[in-house]
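# Report on the structure
Spelled out, the chains give:
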Amino acid sequence: MVDKIVIENLSLTYAEGNESLRHINLKIAANAITVLFGPAGGGKSSLLRCINRLNDLTDIRLLQGKILIDGQNVLDPKTDVIALRRKVGMVFARPVVLPFSIRGNLTYGLELAGEKRKSRLDEAVERSLKLAALWEEVKDRLDDPAVALSGGQQQRLCLARVLANQPEIILLDEPTSGLDPISTGKVEAALQELKHQYTIVLVPHSVQQAARTADYAAFFLQGELVEFGPGRDLFTNPKDKRTEDYVEGRFG
Ligand SMILES: Nc1ncnc2c1ncn2[C@@H]1O[C@H](COP(=O)(O)OP(=O)(O)O)[C@@H](O)[C@H]1O
Ligand SMILES: [Mg+2]
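A short tour of the structure in this document, coming up.

Reading guide: rules and limits
- Residues numbered from 1 in each chain as written.
- Chains lettered and ligands numbered in written order.
- Predicted model: local features only at pLDDT ≥ 70, side-chain atom pairs only at ≥ 80, totals over all residues.
- Helix = DSSP H or I, 4+ residues; strand = E, 2+ residues; numbered from the N terminus.
- Rg over C-alpha atoms; globule rule 2.2 N^0.38 Å.
- Buried ≥ 20, exposed ≤ 12 C-beta atoms within 10 Å, placed from the backbone.
- Contact = placed C-beta atoms within 7 Å.
- Expected span 1.5 Å × (residues − 1).
- Pairing = 2+ DSSP bridges.
- Axes fitted to C-alpha atoms, helices over the stretch in contact; angles between N-to-C directions.
- Near = placed C-beta within 6 Å.
- Nonpolar A, V, L, I, M, F, W, Y, C, P; charged D, E, K, R; others polar.
- Core = buried A, V, L, I, M, F, W, Y, C linked by C-beta atoms within 7 Å.

Broken down by element type, the chain carries ten helices and ten strands. Computed over the C-alpha atoms, the radius of gyration of the chain is 18 Å, within 12% of the 18 Å expected from 2.2 N^0.38 for a compact globule of 252 residues. On the principal axes, the C-alpha backbone points of the chain span a range of 55 × 40 × 35 Å. Counting across all 252 residues of the chain, residues that qualify as buried make up 40%. Across the chain, contacts joining residues at least 24 apart in sequence account for 69% of those joining residues at least 6 apart.

The next thing to look at is helix α6 (residues 151-164). Given a rise of 1.5 Å per residue, 14 residues ought to cover 20 Å, and the 20 Å separating the end C-alpha atoms of α6 matches this to within 8%. With 13 of 14 residues buried, α6 lies mostly within the body of the structure. Once α6 finishes, Gln166 follows within two positions and takes phi at roughly 50°, a positive value.

This next bit is on the sheet that holds strand β10 (residues 224-230). Taken in spatial order, the six strands line up as β6-β7-β8-β3-β9-β10 in an open sheet, and their pairing is mixed. The outermost strands of the open sheet, each flanked by one partner alone, are β6 (88-91) and β10. Neighbour-to-neighbour, the strand axes of the sheet open up by a mean angle of 15°, direction not taken into account. Along the sheet, α6 makes contact with β6 and β7 (169-173), crossing β6 at roughly 170°.

A word on the site of ligand 1. Close to ligand 1 lie 13 residues; Tyr14, Ser20, Lys44, Ser45 and Ser46 are nearest. In terms of residues, the shell around ligand 1 owes the most to one element, helix α1 (residues 44-51), which gives three residues. Of the residues belonging to the shell around ligand 1, the class tally is three nonpolar, eight polar and two charged.

Moving on, we get to the pairing of strand β8 (residues 199-203). Burial runs high along β8: five of the five residues are buried. Every second residue of β8 is oriented toward a common face, with Thr199, Val201 and Val203 on one face and Ile200 and Leu202 on the other, all of them buried. Both strand β3 (residues 33-37) and β8 contribute to a ladder of three bridges, which runs parallel. Of the residues in β8, the one forming a bridge with Val35 is Leu202. Across five bridges, the pairing between β7 and β8 is parallel. Residue pairing for β8: Asp173 is matched across the bridge by Val203.

On to the sheet that holds strand β2 (residues 19-29), then. With antiparallel pairing, the four strands of this open sheet are ordered in space as β2-β1-β4-β5. Edge strands, defined here as strands with exactly one partner in the open sheet, are β2 and β5 (72-73).

Working note: non-glycine residues mostly have negative phi, and peptide bonds are mostly trans. At Asp70, a residue that is not glycine, the phi angle is positive and equals roughly 50°. Residue position: Asp70 is located in the loop between β4 (60-69) and β5. For Ala133, which is not glycine, the phi torsion reads 60° and is therefore positive. Tracing the backbone shows Ala133 in the loop between α4 (118-131) and α5 (135-138). According to the C-beta neighbour criterion, Ala133 is buried, with 20 such atoms within 10 Å.

Counting 66 residues, the largest nonpolar core has Ala160, Leu171 and Ala217 as the members making the most contacts within it. Counting residues per element, this core draws most heavily on α6, at seven residues. Excluding anything up to four places from it in sequence, Leu171 contacts Leu48, Ile51, Asn52, Val88, Met90 and Val201.

What follows deals with helix α3 (residues 102-112). The set of residues buried in α3 consists of Ile102, Arg103, Asn105, Leu106 and Thr107. Turning to α3, the residues buried within the fold contact α4, α5 and α6. Once α3 finishes, Gly114 follows within two positions and takes phi at roughly 100°, a positive value.

Quick look at the environment of Glu115 now. One can find Glu115 in the loop between α3 and α4. What makes Glu115 partly exposed here is the crowd of 13 C-beta atoms within 10 Å. With sequence-adjacent residues up to four places away left out, Glu115 is seen in contact with Leu110, Arg120 and Leu121.

In structure tokens:
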């Protein structure tokens, strides 16, 4: 097992409020789905935003510790943030498609990066749509506006857009919270395939989704990482009383 991301003693306090992350130590394996779960306010989104430096423009009082990706500390001021965000793609709760065609949503990033060859762009479009389990549904209408897709399709397009940039790590923050069960199932199925090639960090929208998807699971409560372990252990045989109470639905 390769640890793709190693988080060491990470603490975060925003300018407003108390500590949002307290001394987090966590190793995230390559080629697996690691879920970060727990009640709202636990620090899950904050942690994801640290991993790809989305917090850079946020008013922060204190950020200490390390986040090593392939051994490099991404919190180091010398980090190339553009390159980092290529390597670490992110999908958010609400699909935000660009006001372009389906194809245009997928070629945009590559074109910005200087790719002009049509064959390369076409290849990236097909590959990323297949990986996101959307190809069959849209292959005959790639030039239609992306906004015409259903919510579930738009979210898979956002996933495909991330994949088109050939990341190594994919962060997903409650990516199916606005989706119906069928679309949710498609996204989850896509993630199960993708994990063979990528490192996936998922904040699920429910304990059920956490239990369904987790190879590894980390339970967060009010800025603390309470428990971490293989999903099958954590959901069936939690060690910490707080994890057990949450998993069994005694608090929300
Ligand atoms: N930009 C921000 N400024 C100040 N406080 C924030 C900000 N973002 C999150 N917080 C606070 O940090 C804590 C953790 O929030 P968050 O990371 O969103 O948790 P989760 O994703 O687990 O619900 C909460 O107390 C929240 O109010
Ligand atoms: Mg959140």
